[in-house]
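Understanding the architecture of this molecule
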Number of protein chains: 6
Amino acid sequence: MSQPGTLFVVSAHAADFVWRAGGAIALHRSQGWKVRVLCLSFGERGESARLWKDGKSLEEIKAIRRAEAEQAAAILGADIRFFDVGDYPIDVTPELRDGLVQEIRAHRPDVILTHTFLDPYNADHPRTAELVREARILAQAHGYPSEHPPIGAPQLYSFEPHQPEQCQFRIDLLLDITSVFDKKRQAMECMQAQEHLWAYYTDVAKRRGVQAGRNSGQPIVYAEAYQRVFPSVGGAFV
Amino acid sequence: MSQPGTLFVVSAHAADFVWRAGGAIALHRSQGWKVRVLCLSFGERGESARLWKDGKSLEEIKAIRRAEAEQAAAILGADIRFFDVGDYPIDVTPELRDGLVQEIRAHRPDVILTHTFLDPYNADHPRTAELVREARILAQAHGYPSEHPPIGAPQLYSFEPHQPEQCQFRIDLLLDITSVFDKKRQAMECMQAQEHLWAYYTDVAKRRGVQAGRNSGQPIVYAEAYQRVFPSVGGAFV
Amino acid sequence: MSQPGTLFVVSAHAADFVWRAGGAIALHRSQGWKVRVLCLSFGERGESARLWKDGKSLEEIKAIRRAEAEQAAAILGADIRFFDVGDYPIDVTPELRDGLVQEIRAHRPDVILTHTFLDPYNADHPRTAELVREARILAQAHGYPSEHPPIGAPQLYSFEPHQPEQCQFRIDLLLDITSVFDKKRQAMECMQAQEHLWAYYTDVAKRRGVQAGRNSGQPIVYAEAYQRVFPSVGGAFV
Amino acid sequence: MSQPGTLFVVSAHAADFVWRAGGAIALHRSQGWKVRVLCLSFGERGESARLWKDGKSLEEIKAIRRAEAEQAAAILGADIRFFDVGDYPIDVTPELRDGLVQEIRAHRPDVILTHTFLDPYNADHPRTAELVREARILAQAHGYPSEHPPIGAPQLYSFEPHQPEQCQFRIDLLLDITSVFDKKRQAMECMQAQEHLWAYYTDVAKRRGVQAGRNSGQPIVYAEAYQRVFPSVGGAFV
Amino acid sequence: MSQPGTLFVVSAHAADFVWRAGGAIALHRSQGWKVRVLCLSFGERGESARLWKDGKSLEEIKAIRRAEAEQAAAILGADIRFFDVGDYPIDVTPELRDGLVQEIRAHRPDVILTHTFLDPYNADHPRTAELVREARILAQAHGYPSEHPPIGAPQLYSFEPHQPEQCQFRIDLLLDITSVFDKKRQAMECMQAQEHLWAYYTDVAKRRGVQAGRNSGQPIVYAEAYQRVFPSVGGAFV
Amino acid sequence: MSQPGTLFVVSAHAADFVWRAGGAIALHRSQGWKVRVLCLSFGERGESARLWKDGKSLEEIKAIRRAEAEQAAAILGADIRFFDVGDYPIDVTPELRDGLVQEIRAHRPDVILTHTFLDPYNADHPRTAELVREARILAQAHGYPSEHPPIGAPQLYSFEPHQPEQCQFRIDLLLDITSVFDKKRQAMECMQAQEHLWAYYTDVAKRRGVQAGRNSGQPIVYAEAYQRVFPSVGGAFV
């Protein structure tokens, strides 16, 4: 994949793309890729505990979360779109499904990142993963109605969930994000209401960095972990 | 992995490397890699049915199988070494284990290919896979006695077994061998006593080629399937 | 968990809680716990074959099943509520989901028991399990609308299905119900139309009792088997 | 199963039953079974790429696909019914579910064939498999409304998906279709728009035939692979 | 398998074949099969607790266990051979492995029954299963030294372990042993020192009988459960 | 388990018990338990890279590692015994196996901690786990020769490996070690040659602490993760 391409990140809630794929976004931007983040919701009900405790209204919370996510996306260099379908639960409607298909058709991503297909701690995450997997299939079909032509076969990755061992998360790729980690940290710091997670996900990145070093024999400080959904195809071992 | 490196193929029996990894060998040779094949046995007892039916002696069979394997390796462009430890069963001794460690220390492969860790049809194959996995670990240890220094962290792949669905074989990589398939076919044809397998493994390569095309959107005719043992580490999605 | 708490049992059909968790209910009642059983349906279509053969009407069957379940719950010492959403199939509506969330919010259970997430013999059971898992998550969210405050992290267990080996049922806990087995037997005998199951589930309890004895070195006569969904957390090995 | 019985094949799209179960259909017909094929859709959007490229309209494509499927069914000797619910996606409605239950009640199949429960390349296939599994359960329930009586316990098999290793497909049965392969080939050739698949699925059948030979010690040329959902029950090892 | 064949049962300890496969033995004898039981040990150390508590010596225990097993085999109608290699642990030597290969070569079984490949409660059982699987492979090899010719491809089954859910035991076949259960019960009663298991394994057979009824729609009272190692091959669904 | 008991920790190499179970040791000591650590080797070859780089001899390294491990055990309050069987590889001999059985017989642990059964990065770890599982079984057998009587059924746990996602590690228990973490840190600091791991395993403990908090709703700072091998047995949900 020597040519810069397009990276899609589909995030159930507004901040998921930062904690779980912020490094990947910054890294691919630094290599000239276009990156587009799709947030299905703002995480307004399920992932904004502090704002609720502070007495904010639903609309205030959505506005705050939107602003934070936009700021983080800007730091990472990504476009961002909010579907605003509500969360906890995210209900998958035909309109949402079609919306995602049309996005994929219009932007033709080379790689798509999203959640895992199993997560006993979060029902929106696996539902989003299944939605993305199906939207990609529909986008490939010649007969699916759209003004854009069918796509090829973009690779699909799950990013790391909060408790990977309980989600049958298997690591297929450790992505070296050392060179862009400062950007990920900055983006994380946009999430004012979740300050306790800044250090937490810095530690996760360090731990994955150590493992990346052990698996490659290279000096790597920070990494992100990904699971591949489809086989990779290529002309050399990687 | 832009620089040519060294590829190891550890084969329980003399012909396994041809059917299962002949394309990978030829392909990496064509990219300037060094390739070294290690055959633990000649497959003299377990995989030479026709020669036994023809009334050959054990020594004759070993000589024939050696000659065929050497010829195939030459066509593919690989060095080859025979450990000649006997087959059906291959018994893993401390000497064999150490021999493999010293090979890995001396040649420092970047990638190692071998069998799957489960195969209900063949006891030598998973035993070889476990041996290789352990030898790689021992070769990494600073305190393991050797005249060669410890190695880094070469990637380890399982090549495709005969009945993949019964071996829990999951495809992580479809390697495009279209450009070198004629060499693989020539190498297969060195195996005079197993003529029925020439067409069989040509068909397998075609089927994997179709799947490689579907998974990549590229036109690919022939492919080989591989399962990765360790996460890959890198600076981009692949 | 030295203090008595609250136990929830969510049962797809009226009698499931008796066969599968009757011992747990009686045991925890005997330790001072409050127990609340939620039956989504009466099992009127799917698990009342004899009543249909006897020519009863749908309303008669529902009335009979309700009476039996109430009687069994009374013997075991549990409160019981019927959602009466119909069975075969149970269709999960937003109203049912919200009803379950409000129940969990209002009663704040420490432990919730329900079905397994896989069961090829019964579509209502895994659907109920997924509903319960999601309702528990929603009940934790600060932004979920309710007059009751969000809950903590109750443990969730699957009770034993009819054919555990086909449901990927793994036993995490064998609960010693010897001291209350007579109550479970009495409760089972309330199910007049399923007399053939009284002996069957007595045998299951005995078999699990023998296994509990082997796994603990204690003399145990009757037990029930459970699979845990989340890790347990504590200050000692158990 | 010495007496001829009834075989059901539930196919998400019009041609699936040919590629995946055409041999089973012809074989059981040759043994006196009745075979009924249920196509939920024509595969008009998702599996008719060439017809779309040729500029056909949706209605034309449906008509062409219907005609081809009817012709193939006739060659194989099967009845065929089209539910015409649309594809990509197939949306499972209560009406479709009930339609399938009534079919099963009315025809009382001994064996049902359908798709796998997992397929990352196709969302309609696993959805169909779950629908069939549930419809079979509902058809067994005495209280399910129908003019036909409840059924017994027909066996349910998944036929082979396109990329079995990515679908956790485990082979439980290799069905020897050598004696009827010419009919399967003829039926495949009815699919004018998918000529590239004729050779592909001939090769698959040959490969499964070789494996069937290895697993049985019998000379078998062509086979189809199946995964069983429920245990088989019988009076001898098979 | 309409013709009577030969059934092998390989039992790690003297009594395993009775509890776990006694019904299969009697059933196949009643159908004219030859049955041969191979006991690797007498279970003298690991499965004779009561005899040790009674103060018997090792030699006395072996004699008692041998006599019981011979009596049980006679009731079931099977030949029996004891390898007497000692138990807890059974150490797999090249001599034992070869002994098993020669047995398989000499008697050419059509079906082989043995333990599961995983059992956290017993180390001898999985070790025996692996030994049997490898001996079957070696017996197939033309080059393996023997006075008997190579065999074909007998099916291999695991019989049910004591705690199936902890052994990843999946039921592929429920064998109807109703017609011969009295013989199994008589054979169990030969095991004087394990009287507590008579009722236990009668209950297991009843429970499997109920499940066999549910899975087939036939009235079945007693059954045994088996897991298949290789795909079955045949000319009809079963 | 209200009464203090005996905890065994079986460690393949000298320092494993500190990184992986140091908290459990200190915690149970603080509750009055007896703790005994068994180190099969000093990790002299495989886990002493810095000492080899510093030019130490094998004997010097063993002495250093022994001294460090003894000091760490003293801080944690545990007895320690070294089997000194060599590492990389640890070869399991009948003598080692018997030595472990006699230890278990003599000390009668209530709980045993050891490695995981799968670890592609380390061959000594799973080998040790299998050895411990078998030694526990042998220690239960009445006929196993020993001057000590047979044991009951101690629970067996795997502690967390370095790369849990690649070892199929599933978390069954998060042990709250907040109250004793300072002792674990002190013990870690005894390992002079592995200073880079002090911070690493402090971070792991913090991460597991956050997860323990989420899974329990309690404020927990540090935790260790464990996987249970056998079901737990008890009189209440935990």
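Look above for the structure.
Just so it is clear, the model here is predicted, and its values are computed rather than measured.

1. Quick look at the overall build of chain A
When helices and strands are tallied, chain A shows 7 helices and 8 strands. Relative to the compact-globule value of 18 Å for 238 residues, chain A shows a C-alpha radius of gyration of 17 Å, a close match. With the C-alpha coordinates aligned to their principal axes, the bounding extent of chain A is approximately 55 × 50 × 35 Å. Relative to its full complement of 238 residues, chain A shows a buried share of 65%. For chain A, the share of sequence-separated contacts (at least 6 apart) that also reach a separation of at least 24 residues comes to 76%.

2. A word on the interface of chain B and chain E
Facing the 14 residues of chain B at the interface are 13 residues of chain E. Taken over both partners, the interface formed by chain B and chain E buries close to 1,300 Å², and the fraction arising from carbon and sulfur atoms is 63%. For chain B, the biggest contributors to the area lost against chain E are Arg 45, Tyr 88 and Pro 120 of chain B; these three give 40% of the whole. Inspection of the chain B/chain E interface yields 2 salt bridges. Of the charged contacts, one joins Glu 134 of chain E and Arg 127 of chain B as a salt bridge, the two residues approaching to 2.6 Å between their closest N and O atoms. At the boundary of chain B and chain E, one finds 3 residue pairs in polar contact (both at pLDDT 80 or more). Counting residues per element, the side of chain B that touches chain E draws most heavily on helix 2 (residues 49-53) of chain B, which supplies 3 residues. A breakdown of the residues in the side of chain B that touches chain E according to their chemical character gives 7 nonpolar, 3 polar and 4 charged.

3. Points about the side chain of Arg 97 of chain F
By secondary structure assignment, the location of Arg 97 of chain F is in helix 4 (residues 94-107). Note on Arg 97 of chain F: relative accessible area 10%, which makes it buried. Polar side-chain contacts of Arg 97 of chain F include one of 3.2 Å to the side chain of Asp 91 of chain E. Sequence-distant contacts of Arg 97 of chain F, that is, excluding residues within four places in its chain, are made with Pro 89, Asp 91 and Arg 127 of chain E together with Leu 131, Glu 134, Ala 135 and Leu 138 of chain F.

4. Notes on the pattern of salt bridges
In a structure, side chains of opposite charge can pair up when their charged atoms sit close to one another. Enumeration over the complete set of coordinates arrives at 96 salt bridges over all chains. Arg 207 of chain B is the salt-bridge partner of Glu 160 of chain D, the closest N and O atoms lying 3.4 Å from each other. Of this pair, Glu 160 of chain D sits in the loop between strand 5 (155-159) and strand 6 (173-176) while Arg 207 of chain B sits in helix 7 (residues 196-216), on two different chains. Residue Arg 207 of chain B is classed as buried on the basis of its relative accessible area of 6%.

5. A short note on the arrangement of the chains
No part of chain A reaches chain E; the closest C-alpha pair between them is 17 Å apart. One thing to see here is that chain D and chain F don't touch, and their nearest C-alpha atoms sit 17 Å from each other.

6. Focus: the packing of aromatic side chains
Counted according to the given criterion, the structure contains 48 aromatic pairs over all chains. Measuring from centroid to centroid gives 5.1 Å for Tyr 226 of chain A and Phe 237 of chain B, while their planes differ by 85 degrees, and the two rings are edge-to-face. You can see Tyr 226 of chain A sitting in strand 7 (residues 223-228) and its partner Phe 237 of chain B sitting in the segment after strand 8 (232-234), one on each of two chains. A single burial state applies to Tyr 226 of chain A and to Phe 237 of chain B, both of which are buried. With a centroid separation of 3.8 Å and 10 degrees between ring planes, the pair formed by Phe 181 of chain B and Tyr 222 of chain B is classed as stacked. Taken together, the positions of Phe 181 of chain B in helix 6 (residues 181-188) and Tyr 222 of chain B in the loop between helix 7 and strand 7 (223-228) put the pair 41 residues apart, joining distant regions of the chain.

7. Topic: the relation of the copies chain B and chain E
Here the two chain copies are tied together by a rotation about an axis and a shift along that axis. Turning chain B through 120 degrees and shifting it by 0.0 Å along the axis lays it on chain E, with an RMSD of 0.0 Å. What the rotation and shift describe, once combined, is the action of a three-fold rotation axis.

8. So, the sheet that holds strand 1 (residues 6-11) of chain E
Taken together, 8 strands build an open sheet; the order of strands is 8(D)-6(E)-7(E)-5(E)-4(E)-1(E)-2(E)-3(E) and the sheet is mixed. Two strands close off the open sheet at either side, each with one partner strand: strand 8 (232-234) of chain D together with strand 3 (79-82) of chain E. Averaged over all adjacent pairs, the angle separating strand axes in this sheet is 25 degrees, with direction ignored. Bridge analysis of strand 2 (residues 34-39) of chain E against strand 3 of chain E gives 4 bridges, and the strand direction is parallel. From the neighbouring strand, Leu 38 of chain E faces strand 3 of chain E, where its bridge partner is Arg 81 of chain E. With respect to the sheet, helix 5 (residues 124-140) of chain E is in contact with strand 1, strand 4 (111-114) and strand 5 (155-159) of chain E, its orientation differing from that of strand 4 of chain E by roughly 160 degrees.

9. Things to note about the relation of the copies chain B and chain A
The transform that puts chain B on chain A rotates by 180 degrees and translates by 0.0 Å along the axis, for an RMSD of 0.0 Å. The symmetry that links the two subunits is that of a two-fold axis. Mapped onto chain A, 100% of the interface residues of chain B are again interface residues, and the two copies thus contact each other with one and the same surface.

10. What to know about the sheet that holds strand 6 of chain D
Taking strand neighbours across the sheet as the criterion, the 8 strands line up as 3(D)-2(D)-1(D)-4(D)-5(D)-7(D)-6(D)-8(E) in an open arrangement whose pairing is mixed. Of all strands in the sheet, those bounded by a partner on one side alone are strand 3 (79-82) of chain D together with strand 8 (232-234) of chain E. Across this sheet, the average inter-strand angle for adjacent strands is 25 degrees, counted without regard to direction. Packing against the sheet, helix 4 (residues 94-107) of chain D makes contact with strand 1 (6-11), strand 2 (34-39), strand 3 and strand 4 (111-114) of chain D, and its axis sits at approximately 175 degrees to strand 2 of chain D.

11. As for the interface of chain B and chain A
The partner chain A presents 35 residues to the 35 residues of chain B that form the contact. When the two sides are added together, the surface that chain B and chain A hide from each other amounts to roughly 2,900 Å², 59% of it contributed by carbon and sulfur. In this structure, the connection of chain B to chain A is made through 0 salt bridges. At the junction of chain B and chain A, the tally comes to 12 residue pairs in polar contact (both at pLDDT 80 or more). Elements represented by at least two residues in the side of chain B that touches chain A include exactly helix 1 (16-30), strand 4 (111-114), strand 5 (155-159), strand 6 (173-176), helix 7, strand 7 and strand 8 of chain B. Of the residues belonging to the side of chain B that touches chain A, the class tally is 21 nonpolar, 9 polar and 5 charged. Relative to strand 8 of chain B, strand 6 (residues 173-176) of chain A runs parallel, the two being bridged by 3 bridges. Looking at the pairing, Leu 175 of chain A lines up with Gly 234 of chain B of strand 8 of chain B.

Definitions and limits used
- Residues numbered from 1 in each chain as written.
- Chains lettered and ligands numbered in written order.
- Predicted model: local features only at pLDDT ≥ 70, side-chain atom pairs only at ≥ 80, totals over all residues.
- Heavy atoms only, no water.
- Helix = DSSP H or I, 4+ residues; strand = E, 2+ residues; numbered from the N terminus.
- Rg over C-alpha atoms; globule rule 2.2 N^0.38 Å.
- Buried < 20%, exposed > 50% of the residue type's maximum accessible area, 1.4 Å probe, protein only.
- Contact = heavy atoms within 4.5 Å.
- Buried area = accessible area lost by both parts, 1.4 Å probe.
- Salt bridge = Lys/Arg side-chain N within 4 Å of Asp/Glu carboxyl O.
- Polar contact = N/O pair within 3.5 Å; in protein donor to acceptor, adjacent residues only side chain to side chain.
- Nonpolar A, V, L, I, M, F, W, Y, C, P; charged D, E, K, R; others polar.
- Phe/Tyr/Trp six-rings, centres within 6.5 Å; stacked < 30°, edge-to-face > 60°.
- Least-squares fit on C-alpha atoms with pLDDT ≥ 70 in both.
- Pairing = 2+ DSSP bridges.
- Axes fitted to C-alpha atoms, helices over the stretch in contact; angles between N-to-C directions.

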